[in-house]
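# Commentary on secondary and tertiary structure
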Amino acid sequence: MTTYLPRSAWTSTARGGAQLTGNQLVGLACHWPGSTTDAYGVETADRVAGRLRGWRAYHVEDRGWSDIGYNFAIDQAGRVWDLRGSARVGAHSASPSNPDANHEFVGVLCIVGDRERPTSAMSAAFWDFRRDVFLRRWPGRTDVRGHREVSGAQTACPGDPVIELTNTPEETDMTPEQAAMLNQVARDTAYIREQNISIARAVVKLATGSDDITASELKAVQDAAAGKDR
Ligand SMILES: [Zn+2]
């Protein structure tokens, strides 16, 4: 069960950030703390509130921002925390080569450590939040990606487990095990499709007398001839 907590659950300070017009908005960008913390695990709300105050202090006092940079946070217990909220421009993804990124994405901090995976409660909370809060406020902004996948980003944020979370399709009629299996099938079929396209490219080039077959096209043909599927 996803729990939604208001801003007042962690701070009495005012929200920062300019009004988000939505003109450039395409979806959600996920982050992680990128700290040296191996695992946060499932913590009490008080503990998480303290962490949020700490990150806010760092962003405001050390970096000179108007508020904590992210729009929302989600913890391992499946709580969704209102930070800057849906109506403000965040400070989380902009870079010199993409200064508008914070207008393109609403930032979600997934409180996941360096050596742990999102719990199923966090994963469910993320997709619940997206459907019930974000897409209601901003219909059609369906893009979901990790910070490092935002154009212009030069960062390792978030780690692979959070990227996997963003790639997990919303399957409300599936168990986590079924959703994981579906992901595997999707990856495998994408791989097979890629191989088939490589073979088709080689065939087309050969059929038209072209000799600029790439190494990967050649390998796909050789693997197919050898009966290999991986
Ligand atoms: Zn980030």
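Residues numbered from 1 in each chain as written. Predicted model: local features only at pLDDT ≥ 70, side-chain atom pairs only at ≥ 80, totals over all residues.

### Describing the overall build of the protein chain
What the protein chain contains, in helices and strands, is six helices and six strands. For the protein chain, the sequential pattern of α-helices and β-strands runs β-β-α-β-β-α-β-α-β-α-α-α. For the protein chain, the proportion of its 230 residues judged to be buried stands at 29%. Taking contacts inside the protein chain between residues at least 6 apart in sequence as the whole, the part at least 24 apart equals 69%. (Helix = DSSP H or I, 4+ residues; strand = E, 2+ residues; numbered from the N terminus. Buried ≥ 20, exposed ≤ 12 C-beta atoms within 10 Å, placed from the backbone. Contact = placed C-beta atoms within 7 Å.)

### A short note on the pairing of strand S6 (residues 143–146)
Judged by which residues are buried, S6 turns out to be one-sided: Val144 and Gly146 face inward and are buried, whereas Asp143 and Arg145, on the alternate face, are not. By the bridge criterion, four bridges tie strand S2 (residues 27–31) to S6 in an arrangement that is parallel. Pairing of leucine 28 across the sheet is with valine 144, part of S6. (Pairing = 2+ DSSP bridges.)

### Regarding the domain arrangement of the protein chain
Split by domain assignment, the protein chain resolves into domain 1 (3–169) and domain 2 (181–225). The distance between the C-alpha centroids of domain 1 and domain 2 comes to 38 Å. (Domains from an automatic or database assignment.)

### Things to note about helix H1 (residues 45–62)
Between the first and last C-alpha of H1 there are 25 Å, a value that for 18 residues agrees with the 26 Å anticipated at 1.5 Å per step. When H1 is considered as a whole, its buried residues turn out to be Val48, Arg51, Leu52 and Arg56. Projection of H1 onto a plane perpendicular to its axis shows the buried side chains occupying an angular sector of 135°, all on one side. Residues of H1 that are exposed and angled more than 90 degrees away from the buried face: Asp46, Gly50, Ala57, Glu61 and Asp62. Positive backbone phi, approximately 80°, marks glycine 64, located one or two places after H1. (Expected span 1.5 Å × (residues − 1). Arc of directions from axis to C-beta.)

### Some details on the sheet that holds S6
The strand order S1-S4-S3-S5-S2-S6 describes an open sheet built from six strands, whose pairing is mixed. Strands at the two margins of the open sheet, each flanked by one partner only, are strand S1 (3–5) and S6. Pairwise comparison of adjacent strand axes, ignoring direction, gives a mean angle of 25° for this sheet. Contacting S2, strand S5 (105–110) and S6, helix H4 (residues 160–167) runs over the sheet at an angle of about 170° to S6. (Axes fitted to C-alpha atoms, helices over the stretch in contact; angles between N-to-C directions.)

### Describing the nonpolar core
Soluble, globular proteins show a tendency: their nonpolar side chains are buried together. The biggest cluster of nonpolar side chains holds 33 residues, and the ones touching the most others in it are Leu28, Phe72, Ala73, Ile74, Val108 and Cys110. Here the element with the most residues in this core is S5; it accounts for five residues. Not counting residues up to four positions away in its chain, the partners in contact with cysteine 110 are Cys30, His31, Trp32, Ile74, Pro118, Met122, Pro158, Val162 and Leu165. (Core = buried A, V, L, I, M, F, W, Y, C linked by C-beta atoms within 7 Å.)

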